[in-house]
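An overview of the molecular structure
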Amino acid sequence: MLMPKKVKHRKWQKGRRRGVGKESRATELAFGSFGLQAEGTKWVSSRQIEAARRASIRFLQKGGKLWIRVFPDKPVTQKGTEVGMGGGKGAVDHYVFAVKPGRVLFEIDGVSSETAVEALRLASHKLPLKTRIISRTR
């Protein structure tokens, strides 16, 4: 699973989700010919990214190349079960990436369009938000 090796601050504050708007970075294809672009706003965990990666790589079967354009660096904390209120913030449980609409999540190159579309479709089923498949216009 993806996670940062070292962080400046172990626990982050949640941040605001309201009125997020569109993504300004990584909205175009940079490496591959086909990509998976987010259409919604969600926190995507490292487990979900890994599951999507494995689903698409399994379909590609040693053909083509896959790029992951997101990295989960935001720590999410959780207190233990049946622990009362108080006693401070919980321990870091997992890491997420806050996705905004328009962000390219995955890119594929080196395979036919049918293969790339199917691999990205399988990956999209593992993610918690609506996505669309985009292609490079030549």
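Residues numbered from 1 in each chain as written. Predicted model: local features only at pLDDT ≥ 70, side-chain atom pairs only at ≥ 80, totals over all residues. Heavy atoms only, no water.

1. Digging into the pattern of salt bridges
Here the idea is simple: oppositely charged side chains can pair when their charged atoms come close. Cut-off, in case you're wondering: Salt bridge criterion: a side-chain nitrogen from Lys or Arg within 4 Å of a carboxyl oxygen from Asp or Glu. Helix and strand definitions here come from DSSP, where helices need a minimum of 4 consecutive H or I residues and strands a minimum of 2 consecutive E residues; each element is numbered from the N-terminal end. The buried label applies to any residue whose accessible area, calculated with a 1.4 Å probe on protein chains only, is under 20% of its type's maximum; exposed applies above 50%, and partly exposed to all values in between.
Under the counting rule described, the total for this entry stands at 5 salt bridges. Here Arg-132 and Glu-39 are joined by a salt bridge, their closest N and O atoms 4.0 Å apart. Here Arg-132 is found in strand S7 (residues 131-135), whereas its partner Glu-39 is found in the loop between strand S1 (34-38) and strand S2 (42-45), with 93 residues between them in sequence. You can call Glu-39 partly exposed: its relative accessible area is 43%. Measuring nitrogen to oxygen at the nearest pair gives 2.6 Å for the salt bridge that ties Glu-118 to Arg-121. Residue Glu-118 and its partner Arg-121 are located together in helix H2 (residues 113-124), separated by 3 residues, close to a single helical turn. Owing to a relative accessible area of 23%, Glu-118 belongs among the partly exposed residues under this scheme.

2. Points about the environment of Lys-100
Looking at the secondary structure, you find Lys-100 in the loop between strand S5 (91-99) and strand S6 (104-109). You can call Lys-100 partly exposed: its relative accessible area is 30%. Along the chain, Lys-100 and Thr-41 lie 59 residues apart, while their C-alpha atoms are 4.7 Å from each other.

3. Details of the sheet that holds S7
In a beta sheet, neighbouring strands pair by backbone hydrogen bonds and run either parallel or antiparallel. We count it as follows: For two strands to be treated as a pair, DSSP must find no fewer than two bridges joining them. As a rule, the C-alpha atoms of each element are fitted with a line to give its axis, helices using only the stretch in contact, and angles between N-to-C directions run from 0 to 180 degrees. Contacts between residues were defined by any pair of non-hydrogen atoms, one from each residue, lying within 4.5 Å.
With antiparallel pairing, 4 strands are arranged side by side in an open sheet as S3-S6-S1-S7. Edge positions in the open sheet fall to strand S3 (65-68) and S7, since each of these has one partner strand only. Strand-to-strand twist across the sheet, computed as the mean angle between neighbouring axes with direction ignored, equals 20°. Across 5 bridges, the pairing between S1 and S7 is antiparallel. Counted as the bridge partner of Phe-34 is Ser-135 from S7. This element, helix H1 (residues 46-60), spans S3 and S6 of the sheet and lies at about 170° to S3. Where H2 meets the sheet, it contacts S1, S6 and S7, and its direction lies at approximately 30° from that of S1.

4. Here we look at the pairing of S1
Counting buried residues along S1, 5 of its 5 residues qualify, which places the element largely inside the surrounding structure. Direction of pairing for S1 relative to S6: antiparallel, over a ladder of 4 bridges. Within the sheet, the bridge partner assigned to Leu-36 lies in S6 and is Phe-106.

5. Describing the packing of aromatic side chains
Spelled out, the test is: Any two of the Phe, Tyr and Trp rings considered here, Trp counted by its six-membered ring, make a pair once their centres fall within 6.5 Å; the pair's planes then place it as stacked at under 30 degrees, edge-to-face at over 60, or tilted in between.
Counted by the stated rule, this structure contains 1 aromatic pair. Taking the centre distance of 5.7 Å and the plane angle of 15° together, the rings of Phe-31 and Trp-67 count as stacked. Residue Phe-31 is located in the segment before S1, and its partner Trp-67 is located in strand S3; the two are separated by 36 residues in the primary sequence. The partly exposed category is assigned to Trp-67, whose relative accessible area is 21%.

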